[in-house]
Amino acid sequence: FVLGYAFSEPRDQSGNSAPAGRIKIFWGQLASWLQNLARRFRVFAMTDSNGHAGWEKGAPQEATFPEGTSPVGQSFMEPTTWQGRECMRALHAGHMMAANTFKGGGPSHRNGHRLEVIACEKRRQEQLVDCWVDRELEQLVRHKKLRPNSKADHYPVFALFEIPPWPRAPRKAKAEPMTKFN
């Protein structure tokens, strides 16, 4: 499991501002980790990406990637921001996909945007059953005693997968007992 928090998106969407520098380091490092994990691992990444993804230049963002390799789906598409683009580049580099953009995604922030991403390996796409955002759970777990007037800003995001068990290693055949001769 990889957990990540991307700094808030800079107002300057060019990607050339000072805050964008540290964000580029974050996404570059995440891409490097995802690329260098062994293929035998089952990789899941949960990030507060602080970016939006879905629409790019008036068309679905998935069209900007080679066919069948897009890390972004068409569930709850939003106009892509600079940081959303960086997130999708990092996932694409690691052969990952943002699961909550393929099935059942929705806004995960009180401002109506999807900022959280649950990512899995692209090869797990057929094993993805559903994704959802649970606003009621967030209300139940808030610390109302400490901050009675606090409002939830980010909501919990869930993904359900049907992953088959690891294949068993073949067992070594037992040696035949030796025959005793008198």
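As the structure is a computational prediction, the values presented were derived from the model and not from experiment. Numbering of residues starts from 1 in every chain and runs along the sequence as written. Local features are withheld for residues below a pLDDT of 70 in this predicted model, meaning they are given only at 70 or higher, and side-chain atom pairs are given and counted only at 80 or more; totals for whole chains, interfaces and linings count all residues. Just so you know, side-chain values use all the structure's heavy atoms and leave hydrogens and water out.

A look at the packing of aromatic side chains
Okay, so step 1: Centres within 6.5 Å make a pair out of two Phe, Tyr or Trp rings, where for Trp the six-membered ring is used; the pair is then stacked when the planes are under 30 degrees apart, edge-to-face when over 60, and tilted otherwise. Summed over the entire model, instances satisfying the criterion amount to five aromatic pairs.
Okay, so step 2: An angle of 65 degrees between the planes, with centres 5.2 Å apart, marks the rings of Phe44 and Phe161 as edge-to-face. In this pair, Phe44 is assigned in strand S2 (residues 44-48) and Phe161 in strand S9 (residues 157-161), connecting sequence segments 117 residues apart.
Okay, so step 3: The buried category is assigned to Phe44, whose relative accessible area is 12%.
Okay, so step 4: Between Trp132 and Phe158, the ring centres sit 5.6 Å apart and the planes meet at 15 degrees, which makes this aromatic pair stacked. Residue Trp132 is found in strand S8 (residues 128-133), and its partner Phe158 is found in strand S9; the two are separated by 26 residues along the sequence.
Okay, so step 5: In this scheme, a residue with accessible area under 20% of its type's maximum is buried, one over 50% is exposed, and one in between is partly exposed, where area comes from a 1.4 Å probe on protein chains only. A residue is classified by how much of its surface remains accessible, and Trp132, at 35% relative accessible area, is partly exposed.
Okay, so step 6: Taking the relative accessible area as the measure of exposure, Phe158 reaches 30% and is therefore partly exposed. What counts as a helix is a DSSP run of H or I of at least four residues, what counts as a strand is a run of E of at least two, and both are numbered from the N terminus.

Brief notes about helix H2 (residues 82-93)
Okay, so step 1: A helix is expected to span 1.5 Å multiplied by its residue count minus one. An ideal rise of 1.5 Å per residue puts 16 Å on 12 residues; H2 measures up with 17 Å between its terminal C-alpha atoms.
Okay, so step 2: For H2, every residue scored as buried is listed here: Trp82, Gln83, Gly84, Glu86, Cys87, Met88, Ala90 and Leu91.
Okay, so step 3: Whether two residues are in contact is decided by their heavy atoms: any pair within 4.5 Å suffices. Looking at the packing, one finds that the buried side of H2 touches helix H1 (18-36), strand S6 (96-98) and strand S7 (116-121).
Okay, so step 4: Positive phi appears at His95, one or two residues downstream of H2, with a value of about 55 degrees.

Observations concerning the sheet that holds strand S1 (residues 2-5)
Okay, so step 1: Pairing between two strands requires that DSSP report at least two bridges joining them. Pairing is mixed across the open sheet formed by four strands, whose spatial order is S1-S2-S7-S6. Edge positions in the open sheet fall to S1 and S6, since each of these has one partner strand only. Ignoring which end each strand starts from, the neighbouring axes of this sheet average 20 degrees apart.
Okay, so step 2: Note that S1 and S2 share four bridges and pair parallel. Each residue of the ladder has a partner; that of Val2, found in S2, is Ala45.
Okay, so step 3: On the sheet, H1 packs against S1, S2 and S6 and is oriented at approximately 170 degrees with respect to S1. A fitted line through C-alpha atoms represents every axis, and for helices the fit uses only the stretch in contact; the resulting angles, taken between N-to-C directions, go from 0 to 180 degrees.

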